[in-house]
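Here is what each chain is made of, one letter per residue.
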Amino acid sequence: MEKIRWGILGAGGIADRRTMPGMQMAEHAEIAAVMEVDPAQAERLRAKYGARRAYSDEEALVRDAEIDAVYIASPVSCHARQVRLAADCGKHILVEKPLAMTAREGEEVIAHCREKGVKIAAGLMMRFGTHVRAMRRAIAEGKIGSVVSCFAQFTCWYPDIAGAWRQTRAGGGGGALMDMGVHCVDLIRYVTGQDVRQVAGMHDTLTFHYEVEDSSAVLLRLSGGALATVQSNFNIPDEAALWRLDFFGTRGRLAGNGVIGQVDGGRLDARFVDEVGGYDARQERAGAAEEAGASAEFGNLYAREVESFCLSLLNGTPLEVPAEEAVAAQRVIEAAYRSNDSEKMIDL
């Protein structure tokens, strides 16, 4: 069986926790080489995943002739440079979000990959969630009518940690909104099939002491007119998190509790209204068909993401999550930051 041979830039962190284990499950993927700045850590990861080579130098990895594609999971500040290095060596690329420090830089990176003839996809793995895809199908089929309201909340507990690059603007480009809210923005766009037209944002650092925000609330107006709310936090305990993704329309709802995150799961409650009558002052909810805890066959988000990328390379088919999608979401994030700073609504 033909497989895509992968090199991993930044093999610690999320790559070690999630992506490389998922890569091992993907039918058409093989981990060929890993790279970490610390040679001892690189060798440990090489042995753990059965890779042929370990590198402590990024340029040496991308020049490896036995690598077809590169997965980049380094700090955001490194992404653009490493993407260009990989593209210059003819490697196809899967890069974690955000694609670069700014949306403009992301556009430049994509143009560079196009010039070099390599494919580049964004690591927005939550698009491969079972319930997320069920929501997308239901909305496309008109099951909840016209979408009028959306809500997404993604949080974690991320206290002050010395040297944590996500807690600096220079390392990650932003805080809770850039790191977690970007998934919410992307999923709202993906599930509804609509772009964002207006953005209003409020952000603050309420709990911890780092320079990026630990709390964010953003209001979006979608191209179809629906209003969406995105809440992102670094200061909500994991035990208290809900990780919600909800859509309401003129004929029903799709309410997802725990359907986003690094693990495919959660519960999807769907209510589809057959006949919408007149105003009911008693607010009785009748005449609806409900699918509580809609059935699902869960899998590994990262395995699905990697397998999809591999099949696009092997079959010459379009990428399911092209890097342009990450840039589109980042434009919204940047508009939300401008909105907070200017105390104005931003048009896109």
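Residues numbered from 1 in each chain as written. Predicted model: local features only at pLDDT ≥ 70, side-chain atom pairs only at ≥ 80, totals over all residues. Heavy atoms only, no water.

1. Some thoughts on helix α8 (residues 176–192)
Given a rise of 1.5 Å per residue, 17 residues ought to cover 24 Å, and the 23 Å separating the end C-alpha atoms of α8 matches this to within 8%. A bend of about 40° at V182 is the largest found in α8. Counting buried positions along α8 gives 17 out of 17 residues, so the element sits mostly inside the fold. (Helix = DSSP H or I, 4+ residues; strand = E, 2+ residues; numbered from the N terminus. Expected span 1.5 Å × (residues − 1). Bend = angle between axes of the 7 residues up to and from the residue. Buried < 20%, exposed > 50% of the residue type's maximum accessible area, 1.4 Å probe, protein only.)

2. A look at the nonpolar core
Counting 111 residues, the largest nonpolar core has W6, I8, I93, L220, L245, F247 and L254 as the members making the most contacts within it. Counting residues per element, this core draws most heavily on α8, at 11 residues. For I8, the residues in contact, after removing those within four places along its chain, are A15, M20, M23, I31, A33, V34, M35, L61 and Y71. (Core = buried A, V, L, I, M, F, W, Y, C linked by side-chain atoms within 4.5 Å. Contact = heavy atoms within 4.5 Å.)

3. Re the UniProt feature "domain: GFO/IDH/MocA-like oxidoreductase" (unreviewed entry) in the chain
UniProt tags residues 132–254 as "domain: GFO/IDH/MocA-like oxidoreductase" (unreviewed entry). The span residues 132–254 is 24% helix and 34% strand, and its two end C-alpha atoms sit 10 Å from each other. (UniProt positions renumbered as here; feature names shortened; annotations may be inferred.)

4. A look at the packing of helix α4 (residues 76–88) against helix α5 (residues 103–116)
Put simply, α4 and α5 touch, their axes get as near as 9 Å, and they point 5° apart. Comparing their axes, α5 and α4 come out roughly parallel. Across the interface between the two elements, A80, V83, R84, A87 and D88 from α4 touch E105, E108, V109, H112, C113 and K116 from α5. Tallied by class, residues from the contact of α4 with α5 come to 5 nonpolar, 1 polar and 5 charged. (Axes fitted to C-alpha atoms, helices over the stretch in contact; angles between N-to-C directions. Parallel < 35°, antiparallel > 145°, perpendicular 65-115°, else oblique. Nonpolar A, V, L, I, M, F, W, Y, C, P; charged D, E, K, R; others polar.)

5. Overview of the environment of S74
Topologically, S74 is positioned in the loop between β4 (69–72) and α4. Sequence separation of S74 and A226 is 152 residues, and the distance between their C-alpha atoms is 35 Å.

6. Focus on the pattern of salt bridges
Overall, the coordinates contain 25 salt bridges when judged by the stated rule. For E30, the salt bridge identified is with R52, shortest N-O distance 2.5 Å. With E30 in strand β2 (residues 29–35) and R52 in the loop between α2 (39–49) and β3 (53–55), this pair connects stretches of sequence that are 22 residues apart. For E30, a relative accessible area of 27% translates into the label partly exposed. Of the charged contacts, one joins D246 and R244 as a salt bridge, the two residues approaching to 2.9 Å between their closest N and O atoms. Under the relative-accessibility criterion, R244 is labelled buried at 18%. Through salt bridges with shared partners, one network takes in E30, R52, R53, D64 and E66. (Salt bridge = Lys/Arg side-chain N within 4 Å of Asp/Glu carboxyl O.)

7. A closer look at the pairing of β4
With burial as the criterion, each face of β4 is covered, one bearing A69 and Y71 and the other bearing V70 and I72. As paired elements, strand β1 (residues 4–9) and β4 share 4 bridges and run parallel to each other. In the sheet register, G7 faces β4, and the bridge partner there is V70. Bridging between β4 and strand β5 (residues 92–96) involves 4 bridges; their strand directions are parallel. Among the inter-strand pairings, A69 is bridged to a residue of β5, identified as H92. The parallel pair β4 and β5, bridged by α4, forms a crossover whose chirality is right-handed. (Pairing = 2+ DSSP bridges. Right-handed = clockwise from strand over helix to strand, strands pointing away.)

8. With respect to the packing of helix α1 (residues 14–25) against α2
At a minimum axis distance of 11 Å, the contact between α1 and α2 shows a crossing angle of 35°. Here α1 runs over α2; the crossing is right-handed. In this structure, α1 contributes D16, M20, P21 and Q24 to the contact, and α2 contributes R44, L45, K48 and Y49. The residue inventory of the contact of α1 with α2, partitioned by class, reads 4 nonpolar, 1 polar and 3 charged. (Left-handed = near helix turned anticlockwise from the far one by under 90°.)

9. Description of the environment of A100
Here A100 lies in the loop between β5 and α5. Placed 11 residues apart in sequence, A100 and A111 show a C-alpha to C-alpha distance of 13 Å. Not counting residues within four places of it along the chain, the set of residues in contact with A100 comprises V76, A80, E105, G106 and Q330.

10. Topic: the side chain of S339
Within the secondary structure layout, S339 lies in helix α10 (residues 323–342). Those residues within four positions of S339 in sequence are excluded, and the remaining contacts are V199, A200, G201, K344, M345 and I346.

11. A word on unusual backbone geometry
For the bond running from K97 to P98, omega is -15°, close enough to zero to count as cis. Structurally, P98 can be placed in the loop between β5 and α5. We note that W243 has phi near 55°; this positive angle belongs to a residue other than glycine. Note that W243 resides in the loop between β10 (227–233) and β11 (244–249). Its relative accessible area of 27% is what places W243 among the partly exposed residues. With phi around 55°, E343 is a residue other than glycine that occupies positive phi space. Mapping E343 onto the fold places it in the loop between α10 and β15 (346–347).

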